[in-house]
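# Observations on the three-dimensional arrangement
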Amino acid sequence: MGSSIPHWAGITAASRSGGKNLNLDRLGVQVKWITKSGMKWKDLDSSFESEIKKWPAPNYIFIHLGANDLVSMKSKELIENIKCSILRIKVFAPDIRIIWSDILPRPYWHGTLRPKLVEIARKRVNCAVRSFIKTEGQYISRYPAIKASEHNLFGHDGCHLSQVGIGIFLNNIQAAIVLGVAKVFPPDK
């Protein structure tokens, strides 16, 4: 679930060998891409509840969301909203495994004149949510290879990933599911 990054990743995955299921069919995995460009954190709860009413609870939920909130919301408020949503998901689907996907850095943050402050907030949110996710016994997908300084990983707008960046993103999703026994992927050094 998430905003435009997983939206475009899902479209790209559908055109790659292995398709939208990321070549995980052999493991009995079906991937359902629930995305909305511009999605904000406040949209997650209602989207999840709507989906859970239509379909059986999945084994995993991969959440890549929050970047669109960083320029309009204080990091402390966003962190609290994320924690509440994670706990709410666990109430609705107690057996679900939650994979938190780090908010990615980017060369350009729309809607701010102070991108360095947004980057500090992004790191603060990721750190706090990772810590919370670990205490809840859930999973984390990190992207150490995606750096804002690597402009080839981003589209012309400096916000969305290029095809190379999407490839890294998709490989991380795939690995996080395949290596589901690892709580953090890639592992902490």
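For the structure given in this document, a descriptive report is provided here. Small disclaimer: the values here were computed from a predicted structure and weren't measured.

## Quick notes on the pattern of salt bridges
Inspection of the entire model under this criterion finds 9 salt bridges. As a salt-bridge pair, Asp-45 and Arg-88 come within 2.3 Å of each other at their nearest N and O atoms. In this pair, Asp-45 is assigned in helix α2 (residues 44-54) and Arg-88 in helix α3 (residues 75-92), connecting sequence segments 43 residues apart. By relative accessible area, Asp-45 is classed as buried at 18%. The network of salt bridges with common partners includes Lys-32, Glu-51 and Lys-54.

## Description of α2
For α2, the full list of buried residues reads Leu-44, Asp-45, Phe-48, Glu-51 and Ile-52. All buried residues of α2 fall inside an arc of 135° around its axis, so they share one side. Residues of α2 that are exposed and point more than 90 degrees away from the buried face comprise Lys-53 and Lys-54. Residues of α2 that are buried sit in contact with β1 (60-63) and α3.

## Side note on the environment of Ser-15
In this structure, Ser-15 sits in helix α1 (residues 4-15). Engagement of the side chain of Ser-15 in a polar contact is seen with the backbone oxygen of Thr-12, the distance being 2.8 Å.

## Comments concerning the packing of aromatic side chains
Under the criterion given, the structure shown has 4 aromatic pairs. Relative to Trp-100, the ring of Trp-41 has its centre 6.2 Å away and its plane inclined at 50°; by these criteria the two rings are tilted. Here the residue Trp-41 occupies a position in the loop between α1 and α2, and Trp-100 occupies one in strand β2 (residues 97-101), the gap between them amounting to 59 residues. For Trp-41, a relative accessible area of 2% translates into the label buried. Of the residues examined, Trp-100 reaches a relative accessible area of 0% and is grouped as buried.

Conventions and cut-offs
Residues numbered from 1 in each chain as written. Predicted model: local features only at pLDDT ≥ 70, side-chain atom pairs only at ≥ 80, totals over all residues. Heavy atoms only, no water. Salt bridge = Lys/Arg side-chain N within 4 Å of Asp/Glu carboxyl O. Helix = DSSP H or I, 4+ residues; strand = E, 2+ residues; numbered from the N terminus. Buried < 20%, exposed > 50% of the residue type's maximum accessible area, 1.4 Å probe, protein only. Arc of directions from axis to C-beta. Contact = heavy atoms within 4.5 Å. Polar contact = N/O pair within 3.5 Å; in protein donor to acceptor, adjacent residues only side chain to side chain. Phe/Tyr/Trp six-rings, centres within 6.5 Å; stacked < 30°, edge-to-face > 60°.

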